[in-house]
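Examination of the molecular architecture
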There are 2 protein chains.
Amino acid sequence: MKLGTKGRYAVMAMVDLAFYSEGKPLSLTEIAERQALPISYLEQLFLKLRQKGFVMSTRGHQGGYTLAKEAASIRISEILEAIGEPIETTRCKEESELGCLGTKGQCLTHALWAGLGRQMQQYLNGISLADVCQRRLT
Amino acid sequence: MKLGTKGRYAVMAMVDLAFYSEGKPLSLTEIAERQALPISYLEQLFLKLRQKGFVMSTRGHQGGYTLAKEAASIRISEILEAIGEPIETTRCKEESELGCLGTKGQCLTHALWAGLGRQMQQYLNGISLADVCQRRLT
DNA sequence: ACGATTCCTGACTAATTTAGTCAAGTATGA
DNA sequence: TCATACTTGACTAAATTAGTCAGGAATCGT
């Protein structure tokens, strides 16, 4: 159970943006350099982040990206979802499970994995970009 | 961020064992059939579970596996660790991180991922095989 | 003794996912 | 008009996953 670079990079870049931008657009080049991330990879990620409305882009000279919302209202969970790194603890689509273990028509372990997923979701849902910037983490 | 079949199967099988065995050994064939899991894959997993002391094996006719400890004292987290499905939210080995973002010599996001890992570990640590069997899940 | 059952173990592999690169284009400001 | 910077899709090498396969060794019932 591991976190891939996609999600990690996206959050790192967004935190960087929230932290260093002061209303002015930051170029991916700048972010990529500071965070030591591959720029072409970031391009892919920011494409999605823009399409989902988390950042705004300015093209051309002195262009770059800006947060489209306040840092305090962008949750980590949203970023991960936007770039396609969902939390998948259960395998079954929805709640349509037929009994693996007979007792009640639903596998015993299903509730376990669902609980784990809820736990993770809750944690990442409760933390915003601003929280990370200000080191407000439990 | 997804849970692989390795961890899922291992826990499913261990829960099955705890649930259906009554002191008597259960063969992998039986478990695999009931849970609809590939038997040769289970063999690999139970090899490790035995080496780590979570199950005991009996060979030959009427043989199989038995829990080596009480179901109430086997945590889900231990099973996952035993078969090599660790929780990896951070990438850095130990706490030896050099500053990605300048503020304090440690990357801002590190604390975030570490927190997530702690959260997951805590959840899986607090649940035993017996809990799953008795559907004592939050 | 023998044969069925079952664990034991390592080697191997097909398919998928990850983690990117590359190339070509479009828009903007100096 | 040129350098900067976003935009987008196609492509790919490497790693991981999710197993299969084959052969062996121990044990029990008959």
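Reading the values: rules and limits
Every residue gets a number counted from 1 within its own chain, in the order that chain's sequence is written. For naming, the first written chain is A and the first written ligand is 1, with later ones following in the order written. Whole-chain, interface and lining totals are the exception, using all residues; otherwise, since this is a predicted model, local features are given only for residues with pLDDT of at least 70 and side-chain atom pairs are given and counted only at 80 or more. With hydrogens and water excluded, all non-hydrogen atoms of the structure serve as input to the side-chain values. Note on conventions: DSSP H or I runs of at least 4 residues are helices, E runs of at least 2 residues are strands, and numbering of each starts at the N terminus. Pairs of residues are marked as contacts when any of their non-hydrogen atoms sit within 4.5 Å. Values of accessible area rely on a 1.4 Å probe in the Shrake-Rupley scheme; residue burial ignores everything except the protein chains shown. To sort residues, take the accessible area from a 1.4 Å probe on protein chains only and compare it with the maximum for the residue type: under 20% means buried, over 50% means exposed, and anything in between is partly exposed. This arc describes the spread of directions from the helix axis toward the C-beta atoms. One heavy atom suffices: a residue is near a molecule or strand as soon as one of its heavy atoms comes within 4 Å of it. Any pair of nitrogen or oxygen atoms within 3.5 Å is treated as a polar contact; in protein, a donor-acceptor pairing is required on top of that, and neighbouring residues in sequence qualify only through side-chain atoms on both sides. For salt bridges, the criterion is a side-chain nitrogen of Lys or Arg within 4 Å of an Asp or Glu carboxyl oxygen. When residues are grouped by polarity, Ala, Val, Leu, Ile, Met, Phe, Trp, Tyr, Cys and Pro land in nonpolar, Asp, Glu, Lys and Arg in charged, and all others, Gly among them, in polar. pLDDT: the predictor's confidence for each residue, scored from 0 to 100. We define buried area as the total accessible area lost by two parts upon association, computed with a 1.4 Å probe and summed across both.

This part is about the overall build of chain A. Tallying secondary structure elements over chain A gives 6 helices and 2 strands in all. Order of helices (α) and strands (β) in chain A, N terminus to C terminus: α-α-α-β-β-α-α-α. The long-range fraction of contacts in chain A, counting pairs at least 24 apart against all pairs at least 6 apart in sequence, stands at 63%. Of the roughly 7100 Å² of accessible surface on chain A, a fraction of 48% belongs to carbon and sulfur atoms.

Our focus in this paragraph is helix H2 (residues 28-35) of chain A. Residues and elements named next belong to chain A. Taken together, the buried positions of H2 are Leu-28, Ile-31, Ala-32 and Gln-35. Buried residues of H2, viewed axially, fall in a sector of 95 degrees; they line one side. Contacts made by the buried residues of H2 are with helix H1 (5-20), helix H3 (39-51) and strand S2 (64-67). With its phi angle positive at about 60 degrees, Ala-36 sits one or two positions after the end of H2.

On to the protein's contact with DNA strand C, then. Around DNA strand C, the structure places 26 residues, and the nearest of them are A:Arg59, B:Leu47, B:Arg50, B:Ser57 and B:Tyr65. Looking at DNA strand C alone, sugar and phosphate atoms form 69% of those within 4 Å of the protein. In the environment of DNA strand C, a base oxygen lies 3.3 Å from a nitrogen or oxygen atom belonging to the backbone of A:His61. Listing elements by their share of the surface near DNA strand C, those giving two or more residues are H1 and H3 of chain A together with helix H3 (39-51), strand S1 (55-58) and strand S2 (64-67) of chain B. With 4 residues, H3(B) is the single largest residue contributor to the surface near DNA strand C.

Residues and elements named next belong to chain B. Inspection of the secondary structure assignment puts Ser-128 in the loop between helix H5 (108-125) and helix H6 (129-133). Assessed through its relative accessible area of 6%, Ser-128 is described here as buried. Beyond its immediate stretch of four places on either side in the chain, Ser-128 contacts Ala-71, Ala-72, Ile-74, Arg-75 and Ile-76.

What follows is about the pattern of salt bridges. Close approach of charged atoms allows side chains with opposite charge to pair. Residue and element names in this part refer to chain A. Overall, the coordinates contain 6 salt bridges over all chains when judged by the stated rule. Notably, a salt bridge pairs Arg-34 with Glu-30, separated by 3.5 Å at the nearest N-O pair. Residue Arg-34 and its partner Glu-30 are both found in helix H2; the two are separated by 4 residues, about one turn of the helix. A residue is classified by how much of its surface remains accessible, and Glu-30, at 34% relative accessible area, is partly exposed. Residue Arg-136 is joined to Asp-131 by a salt bridge in which the shortest nitrogen-to-oxygen separation is 3.7 Å.

Right, let's talk about the protein's contact with DNA strand D for a bit. As a structural note, the neighbourhood of DNA strand D is formed by 26 residues, with A:Leu47, A:Arg50, A:Tyr65, B:Gln44 and B:Arg59 the closest of them. Between DNA strand D and B:His61 there is a distance of 3.4 Å, counted from a base oxygen to a backbone nitrogen or oxygen. Tallied by class, the residues present in the surface near DNA strand D amount to 7 nonpolar, 14 polar and 5 charged.

What follows concerns the confidence of the model for chain A. For chain A, mean pLDDT is 91; residues scoring 70 or higher make up 90% of the total. Low pLDDT, under 50, characterises residues 94-105 of chain A; the stretch is placed with 27 contacts to residues that sit more than four places away or in other chains.

Bringing the interface of chain A and chain B into the picture now. Listed as interface residues are 47 residues of chain A and, on the opposing side, 47 residues of chain B. A buried area of about 4200 Å², summed over both sides, lies between chain A and chain B, and 65% of it is on carbon and sulfur atoms. At the junction of chain A with chain B, the criterion picks out 0 salt bridges. Linking chain A to chain B there are 12 residue pairs in polar contact (both at pLDDT 80 or more). For the side of chain A that touches chain B, the elements supplying multiple residues, two or more each, are H1, H2, helix H5 (108-125) and helix H6 (129-133) of chain A. The element contributing the most residues to the side of chain A that touches chain B is H5(A), with 12 residues. Residues of the side of chain A that touches chain B, tallied by class, amount to 25 nonpolar, 12 polar and 10 charged.

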